[in-house]
Each structure stands twice: as C-alpha cells, then as structure tokens.
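Next come the chains, spelled out residue by residue.
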Amino acid sequence: MAQVLPGSTALFLSETVDGLDDGAHFLDGLNAEELSLVRSCGRAMEVPAGEPVFTQGERHDGIFIIERGRVRVFYGAPSGREITLAYWTPGHFIGGPSMTGGGTHVWSGVALDDCRILSLSGSALLALITQVPSFAVCLIEGLAAKGRCYSAMAQMLGTRSVIERLAQFLLNVGDLYGVREGRAIVISRKITHDQIAAMVGSTRQWVTMMLRRFHNEGLVTVDARGIRISKPERLNEIVFSERD
C-alpha cells in the first residue's frame, strides 16, 4: 500500500532537497542535562491527527517542538485558498516568527498524525536563553534554518513560473522518495491534487489540467498508487526552460 506524503523528511518548495531537514537538528548541540532542562520548562501536548497545533489569528506565545508526528504549516487567505509553507517532521520547531509573545499567529499548523508536541512559552524561552547559553545558540541556528526555508520558498514563488514550480516539486519528491525503474522514477506515496496545488501556489483545477497534460505527453502519472515520473529529463527541461 502506498504511503502518504510527506515522509520522514521535512518538505517545502525549494530548488533542491539539500538542507530540507537542517532545522530538525537545532537542539543537537545540547548535552543530556541541558536537554532535560529544556523539556522540564515546556508543556507536553498530545495533538490528534487533524487537530490544530496553533491557528492563524490566535494569540502568539512561544514555539512548539515536534517530538513525534508531522505537522502541516499553511497560510489561509481571505478567499479561502491556502498555501502550504511546509510539512515539518520530528525535531523541528514551529510557531514562529514571534517567539517571546505578543501579536497573533500569521499562519496555522495542523497535525497530520497523532503528534507529541513540546510547547515552550515565551517566558520559558527567555528564561532558557538567559540560563543556558548553548540553548540560545541552538535557537539561533534553528531560526537560521527557518530563514533559509522561507527564503527558498519566496525565491521559488517570486522567480519561477507555476509550471516550473510544479516540475521542480515533482523532481524533489522523486529525489526524496523515488525508486528508479529504468529511466523512470516511481514514488510509492499518495498525494492529492489539492496538496500539490497548495505546495506550488496554484489551484487544484490548474494542477489537474497540467497533470493531465503531463500524462498525455507520457511524462508523469499521479494516481492512488503514487507518482510515476516516466521522463524526468523532460521535467528538468521545464525547470530550466525560462532561465536559458
């Protein structure tokens, strides 16, 4: 049976899969005692699949560290359309950009699986930053990883056409989860047209039309079993078509 996207690696719109999971290791610089202190300052949360971890427009206070499960972070426009900022996996923190309290969440996070989350309030973060200098360094590195993530996404949205973004996304998924079958790449993971549309910043109708065109041209097939990229070299041509 095909698994569901994403997998164990964070996923966001990017020109490459390199560095997608950098932020998952932001606490690796802590020793066991420091890590235990961080956990003791937080509040453990069990968030069932489909439930929000935080919601756009709600009061902001602190961050959430994913200990188990996956979380989709997205922005909802007044029109009802959504754009997926990222799928985050264990080790990543979510809930920025404000961290020490004040204002409201500018996007939402919803659990894809039954998640275990460590919630660190703004006051807890300030105390840890003051008491544990190595935690402050880790937090800076985590923020840097987040900055690279959203810079990559902004670059894709601002400089690539939507068809280029679609082609790049399919190639990235192939790099992460694909298996070679001759010239083809087979990805045994389910993904819906709505999910793809939210990732590449388009509509489900446009994605359906383009995937039908790709299918008719023998490039890509997306069905209940997963994704088959029959001509990855052609997708590469699309990615680079407007740069040359």
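To start, this report covers the structure provided alongside it. Residue numbers here run from 1 along each chain, matching the order of that chain's written sequence. In keeping with the model being predicted, local features are shown solely for residues with a pLDDT of at least 70 and side-chain atom pairs are shown and tallied solely at 80 or more, while totals for entire chains, interfaces and linings include all residues. Side-chain numbers here rest on the full set of heavy atoms in the structure, without hydrogens or water.

1. So, helix H5 (residues 193-200)
- Partly exposed residues are those whose accessible area sits between 20% and 50% of the maximum for their type, while under 20% is buried and over 50% is exposed, using a 1.4 Å probe and protein chains only. In this text, helices come from DSSP runs of H or I with a minimum length of four residues, and strands from runs of E with a minimum of two, each type numbered from the N-terminal end. Of all the 8 residues making up H5, 6 are buried; the element is thus mostly covered by neighbouring parts of the structure.
- Here H5 has its buried residues at Gln 195, Ile 196, Ala 197, Ala 198, Met 199 and Val 200.
- Note on definitions: a residue-residue contact is assigned when non-hydrogen atoms from the two residues lie within 4.5 Å. Here the buried face of H5 lies against strand E5 (71-76), strand E6 (82-88), helix H3 (133-159), helix H4 (162-177), strand E12 (189-190) and helix H6 (204-216).
- Once H5 ends, the next one or two residues include Gly 201, with phi positive near 75°.

2. Focus on the sheet that holds strand E13 (residues 220-223)
- When DSSP finds at least two bridges between two strands, those strands are taken to pair. Within the open sheet, the 4 strands sit side by side as E10-E11-E14-E13. Their pairing is antiparallel. Sheet topology places strand E10 (179-181) and E13 at the edges, where each strand pairs with a single neighbour. Between one strand axis and the next, the sheet turns by 20° as a mean value, whatever way the strands run.
- Across 3 bridges, the pairing between strand E11 (residues 184-187) and strand E14 (residues 226-229) is antiparallel. Paired with Val 186 across the two strands is Arg 228, which belongs to E14. Here an angle of 0 to 180 degrees is reported between the N-to-C directions of two axes, which are lines fitted to C-alpha atoms, with helices fitted over the stretch in contact.

3. Looking at the state of the cysteines
- The disulfide definition used here is simple: a pair of cysteine sulfur atoms within 2.5 Å. Summed over all chains, the structure comprises 0 disulfides.
- Of all cysteine sulfurs in the structure, the one in Cys 149 sits closest to Cys 115, which takes part in no disulfide; the separation is 17 Å.

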